[in-house]
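# Secondary and tertiary structure notes
Spelled out, the chains give:
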Amino acid sequence: MAVEELSGNKGEWSEPYVLFRLLADGRIYAADENLNKLSSVYFPILKILRQEKKNKKNKDLNNIDFVVNKEKTIEVYFNDNLIKTLSESEFETEADYLLEQIKAASDGTFNVERSQNFLNGLNCYCLKAYSSKKADITLQIHDINTGYNPICGFSIKSQLGSAASLINADKNTNFVFEIKNLSNDQIKKINEIVDGHKIIERMNFIKTNNGELSFYKMKSPVYTENLFYIDSFMPELLSWAVKYSYLENLTSCKEVVSLLQRRNPLHFPENKNYYEYKFKKFLCSAALGMMPAKEWDGKDEANGGYIVVKDDGEVLAYHIYNRDKFEEYLLNNTKFERGSTSKHDFATVYEEDGKHFINLNLQIRFIK
């Protein structure tokens, strides 16, 4: 049977790169809140477990296990049968080659024939391992502190390509606000603003005419219930964050949180970091498992943490053990972004039951 050509963008090719690099290194180092390697904090890798389908039409899953030996060799098992033994240096060579190809590639999708052939020789026929969860790679690591050998799922984000998205925009991430204190003529003028930076101009019109945006509800009941797992205040807190990002034209999540703390719209006790604390928990939950359109049970699907491919190819991890540093990294390196108003149905005033409403969309992306 013919093998399909593997084509992907820089972020997608980063996933097999992580596979090669981790098998070459035999360990994964932790990162601090500034994405610098903590040389004294690392986790030896015992095994990388991968599931995938040979092609899109084949529904059967194959198990491919990469067992890391002390002799610096990697045993490759296909559905529990040993099919190949390779040296760590072979994976290092392939990792170095693939990294150079990713760096040299232009934006868009591309094929790396040599890397595909190497993957196919391992019975891997997809860039991305199959997963019904948020985890992109599954590792069995040795925990030096406890002596346990847990199996952990990690989400992978790469700095080699375009800035990765943390929360994708869609209609489920819309927050509904009622517009108050504006006349019908003023309301009509909002939608008539179509030139230039339409969203900014519409927000400026509301603000300069003393209009009020009063949080009404989130568009998605599922997303609302998911947020309740984090905190009962979370939908309202996020509504203020979204509103400030639009009305004040702020993008940095850190700047928005700082404004929340200064204005304290939820009237928390003064001189406390409640907004920062809660917003960090929100970002972390979004990174490790919570999605807007899927019912969530409050558990981390990427239960190991996050793996980041830096722009120089270094691969570092935020394990659940250094969760505080991960949360700090997320806050410092994410921003609010605005997608298509027509596609995601926001920034246009509409009327229901004699009241005027506007949807404001939540989308968060990493800062490149």
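What counts and what doesn't
All residue numbers refer to positions counted from 1 along the written sequence of the respective chain. Local features in this predicted model are restricted to residues of pLDDT 70 or higher, and side-chain atom pairs are both shown and tallied only at a pLDDT of 80 or more, whereas totals for entire chains, interfaces and linings draw on every residue. Side-chain descriptors were evaluated using all non-hydrogen atoms of the structure, hydrogens and water having been removed beforehand. To define a nonpolar core, start from buried Ala, Val, Leu, Ile, Met, Phe, Trp, Tyr and Cys residues and group those joined through side-chain atoms within 4.5 Å. Three exposure classes are used, based on accessible area relative to the maximum for each residue type with a 1.4 Å probe and protein chains only: buried under 20%, partly exposed in between, and exposed over 50%. Throughout, a residue-residue contact means that at least one pair of heavy atoms, one from each residue, lies within 4.5 Å. The salt bridge definition used is simple: a Lys or Arg side-chain nitrogen within 4 Å of an Asp or Glu carboxyl oxygen. Counting from the N terminus, the helices are the DSSP runs of H or I reaching at least four residues and the strands are the DSSP runs of E reaching at least two. We treat two strands as partners when DSSP finds at least two bridges between them.

Counting residues in hydrophobic clusters, the biggest one holds 64 residues, and the most contacted among them are Phe279, Phe282 and Ile364. Each residue touching isoleucine 364, except ones within four places of it in the same chain, is listed here: Ser165, Leu166, Ile167, Cys253, Phe279, Phe282, Leu283, Thr334, Lys335 and Phe336. Within the second largest apolar cluster, 43 residues are counted, among which are Tyr17, Leu19, Phe91 and Leu139.

Attention shifts here to the pattern of salt bridges. One pass over the full model with this rule turns up 18 salt bridges. Here arginine 50 and glutamate 52 are joined by a salt bridge, their closest N and O atoms 2.9 Å apart. Judged on exposure class, the residue arginine 50 and its partner glutamate 52 are both buried. The shortest N-O distance in the salt bridge between glutamate 248 and arginine 263 comes to 3.4 Å. Of this pair, glutamate 248 sits in the loop between helix H7 (234–247) and helix H8 (253–263) while arginine 263 sits in helix H8, placing them 15 residues apart in sequence. For glutamate 248, a relative accessible area of 26% puts it in the partly exposed group. Within the structure, one salt-bridge network assembled from shared partners comprises Lys281, Asp300, Arg323 and Glu327.

On to the pairing of strand S3 (residues 62–68), then. The buried count for S3 comes to six of seven residues, which makes it a mostly enclosed element. Sheet analysis places strand S2 (residues 37–52) next to S3, joined by six bridges and oriented antiparallel. Across the sheet, the residue bridging to lysine 47 is valine 67, located in S3. Sheet topology places S3 next to strand S4 (residues 73–78); five bridges connect them, and they run antiparallel.

In this section: the pairing of S2. Here strand S1 (residues 27–31) runs beside S2; their pairing, made up of five bridges, is antiparallel. From the neighbouring strand, isoleucine 28 faces S2, where its bridge partner is phenylalanine 43. Count of turn residues in the S1/S2 antiparallel hairpin: five residues, of which leucine 35 carries a positive phi of about 65°. As judged from the four bridges shared by S2 and strand S6 (residues 137–141), these two strands associate in the antiparallel manner. Residue pairing for S6: lysine 47 is matched across the bridge by glutamine 140.

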